[in-house]
Amino acid sequence: MTATALLGASLAVAVGTAAAAAGCRVDYTVPNDWQGGFGANVAITNLGDPINGWTLTWSFTAGQTVTQAWNATVTQSGAAVTARDAGYNASLPTNASTAFGFNGAWSGSNPAPTTFTLNGTACTGATNPTTPPPSSPPPSTPPPTTNPPQAGAKQVEDLDRGAISVRSGSNNLVSWRLLGTEATNTGFHVYRGSTRLTSTPITASTNYLDAGAAADASYTIRAVVNGVEQAAGPAALRFANGYLDVPIQRPAGGSTPTGEAYTYSANDASVGDLDGDGDFEIVLKWDPSNAKDNSQSGYTGPVFVDAYRLDGTRLWRIDLGRNIRAGAHYTQFQVYDYDGDGASEVAMKTADGSRSGTGQVIGNVNADYRNSSGYVLSGPEFLTMFDGRTGGTRSTVDYVPARGTVSSWGDSYGNRVDRFLAGTAYLDGTRPSLVVSRGYYTRTVIVAYDYRNGSLQRRWTFDSNSAGSAYAGQGNHSLTIGDVDADGRDEVVFGAMAIDDNGAPLWNTRNNHGDAAHLGDLDPSRAGLEYFKVSEDSSKPASWFADARTGQVLWSTAPAGDNGRGVAADVYAGSPGAESWSAAVDGLRSTSGANIGRKPSSANFVIWWDGDPVRELLDQTRIDKYGTGGDTRLLTGSGVASNNGTKATPALAGDILGDWREEVIWRTTESTALRIYTTPTPTDRRIHTLAHDPQYRVALAWQNTAYNQPPHPSFFIGNGMGQPARPNVYVS
């Protein structure tokens, strides 16, 4: 249920001095509605002059009553409801928004209110001048129109320039994004303070080395379009020591019902533009020290999920509660703008007692379904879409599939039943959908949802019980997503098989479960994408390389038991395309499967770090460059730690700031900050921001899923590469 007071844009009035204006917009949504009760979210946008202190009023028409509220003080007299700011959210600058929520009761019907008043002004979505407008007629020139997106264009975030300044010896390396909506040859001027440093626009790269500059110098970037210099973007973020610390707030520890004490460490992270301002915010999962693998019994502390701006401002905290167990396979969270409103949502599995970022409790707050072994094998399971701005619930539905009979998933104690994965895919070729799954050792169920008009709507369900026994047991501890058949719509590559954009099976190698896989243009001499995977089954190839369109295995290596790690990336300029290697197989393999030399020192993550397009090795808290005789250390993180035990993965790695090279985020040793490292090395390459390549962007979203894997774009980046095409995207 949604009611929106929205009638247009604000009106600018110029009469020598600016005329004051008042106006507002209210978005009233009911993401949860049950017999006799409902939960509502109310978002207020101030379209007029700044205000400090607000009162919103409306009236119910069917006898509804407010029973509980958060982020506002709400009172009711008869049908009339008054909501006043909570103090900390009293200030509303022009075009700023705030939100509050409440639970209510109803009988008979629950229509949404249609009229709202903010500080005495009716919220129509337009501004009303408080001084008379000028009498002169408006200009006759019509406003410019916005061109519709090209056919097949995919929705991406409306990011800003993302400029950063990194200390590099006695110099500052300034870098910035070339947006996917910009021409490849767009020029840029660099300013230090008010001084322009570039005599002609930079067109060959998106970085500039300011030699001998002060460490605290301030930089802005201005695009040059058709010879005209545009407005400056936001000031560059300063990485004074080669990194930026984002302060975070560690939750208090606790103890289990059996008396075991636990503390918290920052774990996996993701990014999204949560508030629509063009900047990425960070969404962070906190794991307790007693988090468990599914095979391990025992109670765990609850999982918390936070959102932070890059200055350390915490936007909200979600408490998943006692009925969500902590561990790598339980909570997979997705951060993406699913409804196209310009701000990212956050989706994850919830349960009775989960508490939103606005304090709203999902289900029964008193329920406790943990058994004596610490497993949660009964009680309702939910899938919730949260508001990225506030952490409030937007929509909650039953988690599909339900666990049903635990033993039907492969064991009776709770190991295989609770193996969850999640991802994001452009299943319709234009807008993103949420993908969640349960099971991969035996039965596999994959479900796709669209989030539209304030509600989660199931798009399709794939079930190996219906597709056939050949599709059971094929999943990995992760998934990957991309347009493997070049029809403009994404497929879900799920371990040893692929599911088409419509939920139907596409192909199946029957090579069974494994731990790692990589999808990308790994062999640029072939059309389309390729796929490299390792296997756990001792009767199957230890590693294999396939045509991602058909699943045809192009080469494989002999069975070698549980081959737990594998990577594919161009790390060696001496061989065309990507190289592949794995823990249980000797040597470094070419695109044809030939052994071409020494295996790299790690088989974990990879990262574009230095100035050339060949990728580097990322493992634990270090970055190395591969060489035929040995690897060269490029970075050792200081005062930081990796995550997930022996997996030794970062909180996040990917292109989130600056030019196309990738950042790496590690937690500090005591989990007091997230430390973002970025390269201090110039490059002569120009590539659109990888965050506007849809395959890469969805890979940033699913990176936190179970056994984390690095992102790959839809095109080849490596030695001998050509200039990549501009992505076919439009901004939300």
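Residues numbered from 1 in each chain as written. Predicted model: local features only at pLDDT ≥ 70, side-chain atom pairs only at ≥ 80, totals over all residues. Heavy atoms only, no water.

## Some words on the state of the cysteines
Now for step 1: One pass over the full model with this rule turns up one disulfide.
Now for step 2: Note that Cys24 is cross-linked by a disulfide to Cys123, the S-S spacing being 2.0 Å. Given an S-S torsion of about -100 degrees, the disulfide between Cys24 and Cys123 has left-handed geometry. Here the residue Cys24 occupies a position in strand β4 (residues 21-34), and Cys123 occupies one in the loop between β14 (121-122) and β15 (127-129), the gap between them amounting to 99 residues.
Now for step 3: Cys123 gets classed as buried once you look at its relative accessible area, which sits at 6%. (Disulfide = S-S within 2.5 Å. Helix = DSSP H or I, 4+ residues; strand = E, 2+ residues; numbered from the N terminus. Buried < 20%, exposed > 50% of the residue type's maximum accessible area, 1.4 Å probe, protein only.)

## Notes on the nonpolar core
In globular proteins that are soluble, nonpolar side chains generally tend to be buried together.
Now for step 1: Counting 43 residues, the largest nonpolar core has Leu434, Val436, Tyr449 and Phe494 as the members making the most contacts within it.
Now for step 2: The set of elements that each furnish at least two residues to this core consists of β34 (381-387), β36 (420-425), β37 (433-438), β38 (445-452), β39 (455-463), β41 (491-494), β42 (497-499) and α2 (694-702).
Now for step 3: Broken down by element, the residue count for this core peaks at six residues, all from β38.
Now for step 4: Leaving out residues up to four positions away in the same chain, Tyr449 has contacts with Leu383, Val397, Asp398, Val400, Ser433, Leu434, Val436, Leu456, Gln457, Arg458 and Arg459.
Now for step 5: Phe304, Tyr308, Ala651 and Ile676 belong to the second largest nonpolar core, which has 28 residues in total. (Core = buried A, V, L, I, M, F, W, Y, C linked by side-chain atoms within 4.5 Å. Contact = heavy atoms within 4.5 Å.)

## Quick look at the domain arrangement of the protein
Now for step 1: By domain assignment, the protein separates into domain 1 (24-122), domain 2 (154-241) and domain 3 (244-250 + 264-367 + 383-703).
Now for step 2: Across the contact, 36 residues belong to domain 2 and 41 residues belong to domain 3.
Now for step 3: Each partner contributes to the roughly 3000 Å² buried at the junction of domain 2 and domain 3, and carbon and sulfur atoms together form 55% of this total.
Now for step 4: Sorting the residues of domain 2 by area buried against domain 3 places Lys154, Gln155 and Glu157 first, and these three jointly supply 27% of that buried surface.
Now for step 5: For the interface between domain 2 and domain 3, the tally reads one salt bridge.
Now for step 6: When the shortest N-O distance is used, the salt bridge between Arg697 and Glu157 registers 2.8 Å.
Now for step 7: Along the contact surface separating domain 2 from domain 3 lie 23 residue pairs in polar contact (both at pLDDT 80 or more).
Now for step 8: Ranked by the residues each element gives to the side of domain 2 that touches domain 3, the list is headed by strand β17 (residues 164-168), at four residues.
Now for step 9: Its residues assigned to classes, the side of domain 2 that touches domain 3 shows 15 nonpolar, 13 polar and eight charged. (Domains from an automatic or database assignment. Buried area = accessible area lost by both parts, 1.4 Å probe. Salt bridge = Lys/Arg side-chain N within 4 Å of Asp/Glu carboxyl O. Polar contact = N/O pair within 3.5 Å; in protein donor to acceptor, adjacent residues only side chain to side chain. Nonpolar A, V, L, I, M, F, W, Y, C, P; charged D, E, K, R; others polar.)

## Quick notes on the sheet that holds strand β32 (residues 334-336)
Remark on secondary structure: sheet strands pair via backbone hydrogen bonds, oriented parallel or antiparallel.
Now for step 1: One open sheet accounts for four strands, arranged β32-β33-β34-β35; its pairing is antiparallel. For this open sheet the edge positions go to β32 and β35 (393-398), each flanked by a neighbour on one side alone. The mean inter-strand angle of the sheet, taken between neighbouring strand axes irrespective of direction, is 25 degrees.
Now for step 2: Note that strand β33 (residues 345-351) and β34 share seven bridges and pair antiparallel. (Pairing = 2+ DSSP bridges. Axes fitted to C-alpha atoms, helices over the stretch in contact; angles between N-to-C directions.)

## Some words on unusual backbone geometry
Now for step 1: Geometrically, the link from Val400 to Pro401 is a cis peptide bond, its omega value of 5 degrees lying close to zero.
Now for step 2: Structurally, Pro401 can be placed in the loop between β35 and β36.
Now for step 3: The backbone of Asn226 shows a phi angle near 55 degrees, a positive value even though the residue is not glycine.
Now for step 4: What makes Asn226 exposed here is its relative accessible area of 77%.
Now for step 5: One non-glycine residue with positive phi stands out, namely Asn512, at about 70 degrees.
Now for step 6: Topologically, Asn512 is positioned in the loop between β43 (505-508) and β44 (517-520).

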